Amino acid sequence: MKYNKKILKHFLHPKNVGEIKNPDAIGKVGNPVCGDIIEIYIKVDKSKKGEKIIKDIKFKTFGCAAAIATSSMITEIAKGKTLDKVKKITNKEVANSLDGLPQIKMHCSNLASDALKKAIENYEKK
Amino acid sequence: MPLKIVDVKSVESENNILRKFPIFYHTNFRRIVKMKVVYFDNAATTKVDERVIRKMLICFNKKYGNASSKHEKGREAKIELEKARRIIAKSINAKSKEIYFTSGGTESNNLALKGLFFQNKEKNHIITTKIEHDCVLNTCKWLETQGAEVTYLDVDEKGFVNSKDIENSIKKKTLVVSIIHGNNEIGTIQDLDDIGEICRGKNVLFHTDACQSYTKTGINVKKQNIDLITLNAHKIHGPKGVGALYIKKGTEITPLFHGGNQESGKRSGTEDIPGIAGFGKAVKISNFKEVKKMKELRDKIINGLEKIPLVNLNGPKTEKRLCNNINISFNNIEGEAVGGYLESKGVYTSTGSACASNTLKQSHVLSAIGLSPIKVNSSIRISISKYTTEEEVDYFLKTINKIVNKLRKISPLIIREKSKK
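Residues numbered from 1 in each chain as written. Chains lettered and ligands numbered in written order. Predicted model: local features only at pLDDT ≥ 70, side-chain atom pairs only at ≥ 80, totals over all residues.

Novice: It is not clear to me how the overall build of chain B should be interpreted in this structure. Could you clarify?
Specialist: Regarding its fold elements, chain B presents 15 helices and twelve strands. For chain B, long-range pairs separated by at least 24 residues make up 71% of all intrachain contacts whose partners lie at least 6 apart in sequence. (Helix = DSSP H or I, 4+ residues; strand = E, 2+ residues; numbered from the N terminus. Contact = placed C-beta atoms within 7 Å.)

Novice: Sorry, what's going on with the sheet that holds strand E1 (residues 25-30) of chain A here?
Specialist: The strands making up a sheet associate through backbone hydrogen bonding, with each pair oriented either parallel or antiparallel. All names here are of chain A. The three strands are arranged E1-E2-E3 in an open sheet whose pairing can be described as antiparallel. The strands lining the two open edges of the sheet, one partner per strand, are E1 and strand E3 (52-62). If you compare each strand with its neighbour and ignore which way they point, the axes differ by 20 degrees on average. In the sheet, strand E2 (residues 37-46) pairs with E3 via ten bridges, with the strands oriented antiparallel. Paired with Val-44 across the two strands is Ile-54, which belongs to E3. (Pairing = 2+ DSSP bridges. Axes fitted to C-alpha atoms, helices over the stretch in contact; angles between N-to-C directions.)

Novice: What should I look at first to understand the domain arrangement of chain B in this one?
Specialist: When the parts of a complex come together, some accessible area is lost, and that lost area is often taken as the interface size. All names here are of chain B. According to the domain assignment, chain B contains domain 1 (50-285) and domain 2 (287-420). Look at where the C-alpha atoms of domain 1 and domain 2 centre, and you get two points 29 Å apart. Tallying the contact residues gives 17 residues for domain 1 and 20 residues for domain 2. Class assignment of the residues belonging to the side of domain 1 that touches domain 2 gives a composition of four nonpolar, seven polar and six charged. (Domains from an automatic or database assignment. Nonpolar A, V, L, I, M, F, W, Y, C, P; charged D, E, K, R; others polar.)

Novice: What am I meant to see in the pairing of strand E2 (residues 99-102) of chain B here?
Specialist: All names here are of chain B. The alternating pattern of E2 places Ile-99 and Phe-101 on one face and Tyr-100 and Thr-102 on the opposite face, and all of these are buried. Looking at chain direction, E2 and strand E8 (residues 243-247) are connected through four bridges and run antiparallel. Residue pairing across strands places Phe-101 opposite Ala-244, the latter belonging to E8. (Buried ≥ 20, exposed ≤ 12 C-beta atoms within 10 Å, placed from the backbone.)

Novice: Explanation requested: the sheet that holds strand E9 (residues 311-313) of chain B in the structure shown.
Specialist: Residue and element names in this part refer to chain B. The three strands are arranged E9-E10-E12 in an open sheet whose pairing can be described as antiparallel. Strands at the two margins of the open sheet, each flanked by one partner only, are E9 and strand E12 (379-383). Adjacent strand axes in the sheet meet at a mean angle of 25 degrees when their direction is disregarded. Relative to strand E10 (residues 325-330), E9 runs antiparallel, the two being bridged by three bridges. Its bridge partner lying in E10, Leu-313 is registered against Ile-328.

Novice: In this structure, what is going on with the nonpolar core? I would like to understand it.
Specialist: Nonpolar side chains in soluble globular proteins tend to end up buried together. Counting 72 residues, the largest nonpolar core has A:Ile40, A:Ala65, A:Leu116 and B:Val338 as its most contacted members. The dominant element in this core, judged by the number of residues it contributes, is helix H2 (residues 65-78) of chain A, at nine residues. Those residues in contact with A:Leu116 that lie beyond four places of it in its chain are A:Gly27, A:Ile40, A:Ile74, A:Ala78, A:Val86 and A:Ile89. Judged by nonpolar contacts, the second largest core, of 69 residues, contains B:Ile180, B:Leu228, B:Leu231 and B:Ile253. (Core = buried A, V, L, I, M, F, W, Y, C linked by C-beta atoms within 7 Å.)

Novice: Sorry, what's going on with the interface of chain A and chain B here?
Specialist: With 22 residues of chain A at the contact, the number on the chain B side is 24 residues. Within the residue set of the side of chain A that touches chain B, elements represented by two or more residues are helix H1 (5-12), E2, E3 and H2 of chain A. Broken down by element, the residue count for the side of chain A that touches chain B peaks at five residues, all from H1(A).

Novice: Just to check I follow, could you spell out the pairing of strand E7 (residues 228-232) of chain B for this structure?
Specialist: Regular strands place side chains that alternate from one sheet face to the opposite one. Burial of E7(B) is extensive: five of the five residues sit out of reach of the surface. The alternating pattern of E7(B) places B:Leu228, B:Thr230 and B:Asn232 on one face and B:Ile229 and B:Leu231 on the opposite face, and all of these are buried.

Novice: It is not clear to me how the packing of helix H5 (residues 105-119) of chain B against helix H6 (residues 134-145) of chain B should be interpreted in this structure. Could you clarify?
Specialist: Describing two packed helices takes the angle between their axes plus the distance from one axis to the other. Residues and elements named next belong to chain B. Running from amino to carboxyl end, H5 crosses H6 at an angle of 30 degrees, the nearest separation of the two axes being 9 Å. In terms of orientation, H5 lies roughly parallel with respect to H6. As H5 packs across H6, the resulting crossing turns out to be right-handed. Contacts between H5 and H6 involve Gly-105, Thr-106, Asn-109, Asn-110, Leu-113, Lys-114 and Phe-117 from the first element and Cys-135, Val-136, Thr-139, Cys-140 and Leu-143 from the second. (Parallel < 35°, antiparallel > 145°, perpendicular 65-115°, else oblique. Left-handed = near helix turned anticlockwise from the far one by under 90°.)

Novice: Can you walk me through the packing of helix H3 (residues 50-61) of chain B against helix H9 (residues 273-285) of chain B in this structure?
Specialist: Residue and element names in this part refer to chain B. One way to put it is that H3 packs onto H9 with a least axis distance of 8 Å and a crossing angle of 155 degrees. When the axis of H3 is compared with that of H9, the two are roughly antiparallel. In this structure, H3 meets H9 at a crossing whose hand is right-handed. Residues Arg-51, Val-52, Lys-55, Met-56, Cys-59 and Phe-60 of H3 form the contact with H9, whose own contacting residues are Ile-273, Pro-274, Ala-277, Gly-278, Lys-281, Ala-282 and Ile-285. Classifying every residue of the contact of H3 with H9 by side-chain character gives nine nonpolar, one polar and three charged.

Novice: What should I look at first to understand the environment of B:Pro255 in this one?
Specialist: Residues and elements named next belong to chain B. Considering the arrangement of structural elements, one finds Pro-255 in the loop between E8 and H9. The exposure class of Pro-255 is partly exposed, given the 19 C-beta atoms found within 10 Å. For the pair Pro-255 and Ile-384, spaced 129 residues apart in sequence, the C-alpha to C-alpha distance is 35 Å. What Pro-255 contacts, discounting residues up to four positions off in sequence, is Gly-115, Gly-265, Lys-266, Arg-267 and Ser-268.

Novice: Can you walk me through H2(A) in this structure?
Specialist: At 3.6 residues per turn, the α-helix brings residues three or four places apart onto the same side. End to end, H2(A) covers 20 Å across 14 residues, agreeing with the expected 20 Å (1.5 Å per residue, within 8%). With respect to burial, H2(A) is a largely interior element, 13 of its 14 residues being buried. (Expected span 1.5 Å × (residues − 1).)

Novice: Explanation requested: unusual backbone geometry in the structure shown.
Specialist: What you tend to see is this: most non-glycine residues have negative phi, and most peptide bonds are trans. Backbone geometry at A:Asp99 places phi at a positive 60 degrees, although glycine is not the residue there. Tracing the backbone shows A:Asp99 in the loop between helix H4 (91-97) and helix H5 (106-125). Since 11 C-beta atoms lie within 10 Å of it, A:Asp99 is described here as exposed. One non-glycine residue with positive phi stands out, namely B:Asn203, at about 60 degrees. Accessibility expressed as a C-beta count within 10 Å gives 8 for B:Asn203, which makes it exposed.

Okay, structure coming up:
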């Protein structure tokens, strides 16, 4: 599979890998198409303005280069943002931030944004 | 120009440069510094041997005639054509007249199966396995739309077909048993002697696709009772686009191509003399010394990989495995990701993972030997060649260890496995 520079960077040197001890919420999703699994851990805090923001975020991924790169990218995008903004992150945004994904790998970006949304959902259910 | 091969030490220093200056991850960088390429995808195709290229060059610019022409240039070409045919015939203990040149493995398999099916109106049953190459499976699927009945036999967990199953599947209408000799993904070598004997006993034709095994393990059409064999050049350091089909004397097939009646009418079209002469040369220079060396390196890789925790070798671990094939699943990580990291270190492999396929379809071979979908997705195939060196193997083993550790740290599955225990 031919990946661009930015995908390779996030794949070979992913950011925010791992778990958070005592996270505020976890989002887990599996992909029936290719068997990939992504877990996103979040820690939520209040900003000076009193809005809820993602203070810390980490991920673990079983998947291909694109799945790892999109996981890394989405954690970078979400970090420090308000929950309202994070909820609006689309899979297209993730793909664009990576300068585009191969068409057949677009489902990987869905998976990453789904995992993040699930984490926020789980947080809000609490 | 082939890339200059540099030693392992400088490969490491290049990786240090890459770490310090990630901007150089651009693939051009590798071309600029002429980074060493460790090519471990020889089951896909191989580098053409220099001696083969020399042979082919002569046929391109000196002996460029059409083998059907009656003048000197034509005769020159014809001599090269027949020389190659003799070499290939001899290598499988066949007669020259029983070798028909084609455009490669895919055409040979198509010609064998479709050719037999259309020739024999009274028999329509084909027996094959679930671990054939796509060009056999898809030909069979298409033939089903044309009125053929196909039995796809299961294989055991090492990829062997059970000869009892073959015997039991043969019926009155059975035309041919087509079984791959050396499997391209997991390296399993089927027992041709055994299958050939069953087919002869039951009076059905026996075809084998020997693209991966040719010149690596002995084939003897007389001893093994084989009626048709698919062979090709580019897996054995010959050119791409050339293959052959052995058809036992007296076996009739309907041709796929009609035209000038080249290849005794079984395959019309001007013969690709450079390719065919190159094919002959590749067969001529192949030898069992190289096979022995590959076996040693293969076993070194297998032993090295099995030292990594939670891995499974796919396919057999005996003499019944192709000398150049290793297929392994690393639990909890994805084969495509492993391949991607390996590529960043200059090592080229392939994977049965759905993620690496253009259709997101998993390897049908690994599924057929009973691997779970996750295990299939965790597999990589390493296929070495006569050019593989001990240094490359050492570099690979060192590199793969680090990669597996790194990816397992990213994987969410590993914790579950620990907590289960």
